[in-house]
Amino acid sequence: MEDETITRPGDAVPTDPRELDYLYKEADRIYYGFARRCGLSTCAYWMMYDIERAGGAMALRSLTDSWAFSKQTINSAIKSLEAKGLIELTFEEGSRKNKVASFTGEGQAFAARYIAPAQQAERRAFCALPAQDRIALLALAREYTQALAEEFERTEFTTDA
């Protein structure tokens, strides 16, 4: 981390979010590496993750709404999961437009081998923190995310195009 100061308890109050940005990027790198070890793109991993959390089936509409990935990236991930035989797409009951992604037998086995253990590892890592720290971490992350959204909403950007 070039030119970045790591703050420690007792240090001056930080005013530069670069270390927080670094930590977010480090978490992304961890998930990227894990997804690759599973043989998936990051987006495909998160689609499998969400489907697993939903009990093995999830409306495509919900998958696209819950992530910041572009619709095209999500569609590519879904197609790759379908091509690998991990999911199948069917129409929602009573619809000729809305589809549901469901695990195939192979997808269930894949989720049991890779996705569920990753979710359990996340839970163990999170629960390794003292209860008050978990509460504080979530509260601060929510507060920071809200403040960031408000700041970006107020920020006017100029383009030279």
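J.: Please clarify how the nonpolar core should be interpreted in this entry.
T.: In this structure, Leu-40, Tyr-45, Met-47, Met-48, Leu-63, Leu-81 and Ile-87 are the most contacted members of the largest nonpolar core, which totals 26 residues. Listing elements by their share of this core, those giving two or more residues are helix H2 (42-53), helix H3 (60-65), helix H4 (71-83), strand E3 (99-103) and helix H5 (105-127). Here this core gets eight residues from one element, more than from any other, and that element is H2.

J.: Honestly, a nonpolar patch on the surface in this entry has me stumped. Any pointers?
T.: On the surface, Leu-20, Tyr-22, Leu-23 and Tyr-24 cluster together into a nonpolar patch covering about 360 Å² of accessible area. Checked against the element boundaries, Tyr-22 lands in helix H1 (residues 18-37).

J.: What exactly am I supposed to notice about the packing of aromatic side chains here?
T.: Any two aromatic rings considered together are summarised by their centre-to-centre distance and by the angle between their planes. Scanning the entire structure with this criterion turns up nine aromatic pairs. Arranged with centres 6.3 Å apart and planes meeting at 40°, the rings of Tyr-31 and Tyr-45 form a pair that is tilted. Linking Tyr-31 in helix H1 with Tyr-45 in helix H2, this pair joins segments that are 14 residues apart in sequence. We classify Tyr-31 as partly exposed; its relative accessible area is 23%. According to the relative accessible area criterion, Tyr-45 is buried, its value standing at 1%. With centroids separated by 4.9 Å and ring planes inclined at 65°, the aromatic side chains of Trp-46 and Tyr-49 adopt a geometry described as edge-to-face. One end of the pair, Trp-46, and the other, Tyr-49, are both in helix H2, three residues apart, so they sit about a helical turn from each other. Taking the relative accessible area as the measure of exposure, Tyr-49 reaches 8% and is therefore buried.

J.: Explanation requested: the sheet that holds strand E1 (residues 57-59) in the structure shown.
T.: An order of E1-E3-E2 is seen for the three strands of this open sheet, with the pairing classed as antiparallel. Every other strand in the sheet has two partners, leaving E1 and strand E2 (87-91) as the edge strands with one partner each. The average undirected angle you get between the axes of adjacent strands in this sheet is 25°. When E1 meets E3, the two strands line up antiparallel, connected through three bridges. Across the sheet, the residue bridging to Met-58 is Ala-101, located in E3. Contacting E1, E2 and E3, H2 crosses the sheet at an angle of about 85° to E3.

J.: Would you explain the packing of H2 against H4 in this entry?
T.: Any two packed helices are characterised by the angle at which their axes cross and by the distance between the axes. Interhelical geometry of H2 versus H4 gives an angle of 75° and a closest axis separation of 9 Å. The pairing of H2 with H4 is recorded here as roughly perpendicular in orientation. Facing H2, whose interface residues are Cys-43, Ala-44, Met-47 and Met-48, H4 presents Thr-73, Ile-74, Ala-77, Ile-78, Ser-80 and Leu-81. A class-by-class count of the residues in the contact of H2 with H4 yields eight nonpolar, two polar and no charged.

J.: Would you explain the pairing of E3 in this entry?
T.: Side-chain positions along a regular strand alternate between the two faces of the sheet. Buried residues dominate E3, accounting for four of its five residues. One ladder, built from five bridges, connects E2 with E3; its direction is antiparallel. Residue pairing for E3: Leu-89 is matched across the bridge by Ala-101.

What counts as what
Residues numbered from 1 in each chain as written. Predicted model: local features only at pLDDT ≥ 70, side-chain atom pairs only at ≥ 80, totals over all residues. Heavy atoms only, no water. Core = buried A, V, L, I, M, F, W, Y, C linked by side-chain atoms within 4.5 Å. Buried < 20%, exposed > 50% of the residue type's maximum accessible area, 1.4 Å probe, protein only. Helix = DSSP H or I, 4+ residues; strand = E, 2+ residues; numbered from the N terminus. Patch = residues over 30% accessible without salt bridge, like charges linked within 9 Å, V, L, I, M, F, W, Y side chains within 5 Å. Areas by Shrake-Rupley, 256 points an atom, 1.4 Å probe, with all protein chains shown as cover. Salt bridge = Lys/Arg side-chain N within 4 Å of Asp/Glu carboxyl O. Phe/Tyr/Trp six-rings, centres within 6.5 Å; stacked < 30°, edge-to-face > 60°. Pairing = 2+ DSSP bridges. Axes fitted to C-alpha atoms, helices over the stretch in contact; angles between N-to-C directions. Contact = heavy atoms within 4.5 Å. Parallel < 35°, antiparallel > 145°, perpendicular 65-115°, else oblique. Nonpolar A, V, L, I, M, F, W, Y, C, P; charged D, E, K, R; others polar.

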